[in-house]
Amino acid sequence: MFPELNNLLNTTPDRAEQGKLTLLCDAKTDGSFLVHHFLSFYLKANCKVCFVALIQSFSHYNIVGQKLGVNLTMARERGQLVFLEGLKSAVDVFFQAQEKPHPLQFLREASAGNLKPLFEFVRVALKPVDSGAAGWTYPVLLVDDLSVLLSLGLGAVAVLDFIHYCRATLCWELKGNVVVLVHDSGDVEDEENDILLNGLSHQSHLILRAEGLATGFCRDVHGQLRILWRRPSQSTSQRDQSLTYQYKIQDRSVSFFAKGMSPAVL
Amino acid sequence: MATVATCGGDAVGVGSAVATASKSNVTSFQRRGPRVSGTNDSGPRLVSITGTRPSVRNGQLLVSTGLPALDQLLGGGLAVGTVLLIEEDKYNIYSSLLFKYFLAEGIVNGHTLLVASANEDPANILQELPAPLLDNCKKEFDEDVYNHKTPESNIKMKIAWRYQLLPKMEQIRPVSSSRFGHYYDASKRIPQELIEASKWHGFFLPEKISPTLKVEPCSLTHGYIKLLQFIQNIIYEEGFDGSNPQKKQKNILRIGIQNLGSPLWGDDICCTENGDSGHNLTKFLYVLRGLLRTSLSACIITMPTHLIQNKAFIAHVTNLSDTVVGLESFIGSERETNPLYKDYHGLIHIRQIPRLNNLVCDESDVKDLGFKLKRKLFTIEWVQDNYLRQERNIYPPGFSYLLKQKDSAWGEGSLQHSTFLMSFLAKATAFASRLVRHSEPLKQTGSGRIRQAAGPRLWHDGRRQEAPGLLGIPP
């Protein structure tokens, strides 16, 4: 969790909004720091988190999480975190015939599959338990990242359906949050990815867009972050306001500053 | 607390080895608690895998790519458990060389090799590996390196003293004791006895495919399934995965896959622009990466990306691999005759460096890199250093070009040279003092450009002060 980003978004783990879809998007840079932020944010907010990690292994997230002050191993043991490790599951799905459908069953299927098993996994993972022993506040689904699903042969519509189902269950029914990361292909024509990105931009409440600098690589400024709120009914001054900050990723935190105000330039 | 590459009981060993080795380094990766391999004797158990070393940055076990200059650019080496994707140059000349360096490095270090190819018998590939320059050939090597060095890079630079701070490529000399990263002589073949002593597995696609076999309806091309099963079999049987402990000394599996995605693999991405067709390859990469992540192995893949019709697909492939390096040779392009590139055979693009156990990656500041295949060595140099930067910022136009011509009357050490330098320095000093008189706050930036600062007297402490530009000549 990066305190500076919390300030920009005007939120803290104690008073986070519920029932929202947050879209993280990166173009020409790596937006994974945002995923790490939201993972540690919601773990600190005492939420029940289901993390669909398709791009890295558990130990990667765990070590970065420790730098940000959360322990994923413990969270997983406590039952707070449900972690689906895509890379590991892919090997299992591929080499072992499974009796019951695996969340990533589509890897094995010849035809373009759907994400029903994955949604089922998420639904079961985040289903509220009545036991009352675990006092998790609200459920959160985190996906890193949806573009991998497209790469693996799913159609954009299948992924959008999946998100739609998740939103209906999580955001509306359980008053939880959904956070997803999508790569922006930028100049390259990638029809499926554009459909997915536009579709998600249309329905998300908050869009965080990390972009590489237009001028290219810089050692002291790693990119810029656009924050776009899409609040339905508020005063016009508040509506659709967009903010742009530049950022520099450090070892355990990210510092944000106004455009052109990097300490290295001044 | 484990490294990415390993899992289960294995991870503990690697982690502790890393911690003991990197104790003195300033890194956030610190192992808490007592050492597990806690005996007092010096050697941590796992660092003793030959040809590996822990990364100072993220605690990941690294192997060399067989090209020390490339290792340096990739943040010390290739992390165990990751994929290095080489985008082939147009005629697959230099990329196959990198491929062979990677395998030769494995042979020299005694790693197990797995070579997969669709168009060349792996046994033949092994025969053509370059010969390592070991200690007995070191003298020869030194000559080769230093004869080719431009003289101004060896002597202490006086005029362009700012450049002393710049990173130097390709200047680490092979230390006999270091077993990480060797140099190779591309003009000689590897000694036969080294190949015979090594342990390797070959996967030659035409041999493995039997047309009569009934194919289980699956999402992948038949060749890819066979290769994945082959790799998984070897990883499992020889205990490269942590769950099945190796009986003897732990070892690294180096996997090399040649021309992946070419039509010979039975893949049609090179032929059609249809969006559907690429998913064979991406699924293959994904499962392969899953296999690597849980085993002591590293993989190099060369891929003819220039053949792939659907450009969006290359972005997908990049996202699904860890390190991506692109080669662009000048053969047949108009850059071959461009005087700017006359010293190089091509450009090397570091497209992606993985972020492992870390928020940031070890990105090198140097972006414009060219490569050259010398008589024996493959070298990587900073293209812009030599010409553009000097020409634009430090010297008047054309001056650095004269400096380069060491045999000309204008070359280093000649009378004209020193006269020119004197007059140049005088002009620069005059210019600087004029600026200072007018007290215009100016600031030298890292890229060598002079920029207007936001306000007067905003000199910051830190690195910049140590390397002031033209205007900050110390008294």
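The structure this text deals with has already been given above.
Computed from a prediction, not measured in an experiment: that's the story for all the values here. Each chain carries its own residue numbering, running from 1 in the written order of its sequence. Here the convention is simple: chains get letters from A, ligands get numbers from 1, in the order in which they are written. With the structure being a predicted model, the display of local features is reserved for residues of pLDDT at least 70 and the display and counting of side-chain atom pairs for 80 or more, all residues being used for whole-chain, interface and lining totals. Calculated side-chain values reflect all of the structure's heavy atoms, with hydrogen atoms and water omitted.

**Observations regarding the sheet that holds strand E3 (residues 78-79) of chain B**
Here is step 1: Taken in spatial order, the three strands of this open sheet run E1-E2-E3 (chain B), and their pairing is antiparallel. Because the sheet does not close on itself, it has two edges, and the strands there are strand E1 (52-54) and E3 of chain B. For two strands to be treated as a pair, DSSP must find at least two bridges joining them. The helix count covers DSSP runs of H or I at least four residues long, the strand count covers runs of E at least two residues long, and both are numbered beginning at the N terminus.

**Topic: the packing of aromatic side chains**
Here is step 1: Each aromatic pair joins two rings of Phe, Tyr and Trp (for Trp, the six-membered one) with centres within 6.5 Å, and gets the label stacked for planes under 30 degrees apart, edge-to-face for over 60, and tilted for any other angle. In the structure shown here, the tally under the stated rule is 21 aromatic pairs over all chains.
Here is step 2: Aromatic side chains phenylalanine 38 of chain A and phenylalanine 41 of chain A sit 6.5 Å apart centroid to centroid with 65° between the ring planes, which places their arrangement in the edge-to-face category. Residue phenylalanine 38 of chain A and its partner phenylalanine 41 of chain A are located together in helix H2 (residues 32-44), separated by three residues, close to a single helical turn. Phenylalanine 41 of chain A matches phenylalanine 38 of chain A in its accessibility class, with the two residues each being buried.
Here is step 3: On the basis of an interplanar angle of 85° and a centroid distance of 5.4 Å, the ring pair of phenylalanine 51 of chain A and phenylalanine 83 of chain A is categorised as edge-to-face. On the criterion of sequence distance, the pair formed by phenylalanine 51 of chain A in strand E2 (residues 48-53) and phenylalanine 83 of chain A in strand E3 (residues 81-85) is long-range, its members being 32 residues apart. As far as the burial class goes, phenylalanine 51 of chain A and phenylalanine 83 of chain A line up, both buried.
Here is step 4: Over the ring of phenylalanine 58 of chain A we find arginine 76 of chain A, and its NZ or CZ is 4.0 Å from the ring centre.
Here is step 5: Our definition puts a charge over a ring when NZ of Lys or CZ of Arg is within 6 Å of the ring centre and also within 35 degrees of the ring normal. Just above the ring of phenylalanine 102 of chain B sits the side chain of arginine 254 of chain B; from NZ or CZ to the centre is 4.7 Å. Each residue is assigned to one of three classes by its accessible area relative to the maximum for its type, calculated with a 1.4 Å probe on protein chains only: buried under 20%, partly exposed between the two thresholds, exposed over 50%.

**Section: the packing of helix H8 (residues 156-173) of chain A against helix H9 (residues 191-203) of chain A**
Residue and element names in this part refer to chain A.
Here is step 1: Viewed as axis vectors pointing N to C, H8 and H9 meet at an angle of 20°, and their least axial separation amounts to 9 Å. Comparing the axis directions of H8 and H9 gives the class roughly parallel. At the point where H8 passes H9, the crossing takes the right-handed sense. The residues of H9 that touch H8, namely those facing Ala156, Val159, Leu160, Ile163 and Arg167, are Glu192, Ile195, Leu196, Gly199, Leu200 and Gln203.
Here is step 2: For the contact of H8 with H9, the per-class residue count stands at seven nonpolar, two polar and two charged. Each axis is a line fitted through C-alpha atoms, taken for helices only over the stretch in contact, and angles between the N-to-C directions span 0 to 180 degrees. Any angle that falls under 35 degrees is termed roughly parallel, while one over 145 is termed roughly antiparallel, one within 65 to 115 roughly perpendicular, and all others oblique. Crossings are assigned a handedness: left-handed for a near helix turned anticlockwise from the far helix by less than a right angle, right-handed for a clockwise turn. For this analysis, residues touch if any pair of their heavy atoms sits within 4.5 Å. Under the scheme applied, nonpolar residues are Ala, Val, Leu, Ile, Met, Phe, Trp, Tyr, Cys and Pro; charged residues are Asp, Glu, Lys and Arg; polar residues are all the others, including Gly.

**Remarks on the pairing of strand E10 (residues 297-303) of chain B**
Residues and elements named next belong to chain B.
Here is step 1: By the criterion of burial, E10 is predominantly enclosed, with seven of the seven residues buried.
Here is step 2: Because side chains alternate across E10, one face comprises the buried residues Ser297, Cys299, Ile301 and Met303, and the other comprises Ala298, Ile300 and Thr302, equally buried.
Here is step 3: Taken together, the five bridges between strand E4 (residues 83-87) and E10 define a ladder with parallel strand orientation. When the bridges of E10 are listed, isoleucine 86 appears paired with threonine 302.
Here is step 4: Here five bridges tie strand E9 (residues 253-257) to E10, and the two strands are oriented parallel to one another. Its bridge partner being in E10, leucine 253 is matched across the sheet by serine 297.

**Topic: empty space enclosed by the protein**
Residues and elements named next belong to chain B.
Here is step 1: With a 1 Å grid spanning the protein atoms alone, the term cavity applies to any set of points in which a 1.4 Å probe fits but cannot get out, the term pocket to an open set with protein on both sides within 12 Å along at least five of seven lines, and the term lining residue to any residue with an atom within 4 Å of a point. Grid points are joined across faces, edges and corners, and a volume is the space filled by probe spheres set on the points. Applying the stated criterion across every chain, the model contains six cavities of 30 Å³ or more.
Here is step 2: In this model, the largest cavity occupies a volume close to 170 Å³.
Here is step 3: Lining the largest cavity are 20 residues, with Asn58, Leu74, Ile353, Pro354 and Leu356 sitting closest to its centre.
Here is step 4: Across the lining of the largest cavity, the residue classes break down as nine nonpolar, eight polar and three charged.

**Considerations on the side chain of threonine 323 of chain B**
Here is step 1: Its place among the elements puts threonine 323 of chain B in strand E11 (residues 323-329).
Here is step 2: Residue contacts for threonine 323 of chain B: discarding those within four places in its chain leaves Leu74, Leu78, Val83, Leu84, Leu85, Gln352 and Pro354 of chain B.

**Some points on the sheet that holds strand E13 (residues 369-373) of chain B**
Residue and element names in this part refer to chain B.
Here is step 1: An order of E8-E5-E9-E10-E4-E11-E12-E13-E14 is seen for the nine strands of this open sheet, with the pairing classed as mixed. Looking along the sheet, the strands with just one partner apiece sit at the ends: strand E8 (200-204) and strand E14 (378-382). Geometrically, the sheet is characterised by an average inter-axis angle of 20° between neighbouring strands, direction not taken into account.
Here is step 2: Set on the sheet, helix H9 (residues 222-237) makes contact with strand E5 (112-117), E8, E9 and E10; between it and E8 the angle comes to about 170°.
Here is step 3: Contacting E4, E10, E11 and strand E12 (346-352), helix H11 (residues 311-320) runs over the sheet at an angle of about 150° to E4.

**Topic: a nonpolar patch on the surface**
All names here are of chain B.
Here is step 1: Residues Tyr91, Ile93 and Ile331 make up a contiguous nonpolar surface patch of roughly 260 Å² in combined accessible area.
Here is step 2: Examined against the element boundaries, isoleucine 93 turns out to sit in the loop between E4 and helix H3 (94-109).
Here is step 3: By relative accessible area, isoleucine 93 is classed as partly exposed at 37%. Every patch collects residues that have over 30% relative accessible area and no salt bridge, joining them within 9 Å if they carry like charges and within 5 Å if they are nonpolar side chains (Val, Leu, Ile, Met, Phe, Trp, Tyr). Surface exposure here means Shrake-Rupley accessible area, sampled with a 1.4 Å probe, where a residue is shielded only by the protein chains that are shown. The salt bridge definition used is simple: a Lys or Arg side-chain nitrogen within 4 Å of an Asp or Glu carboxyl oxygen.

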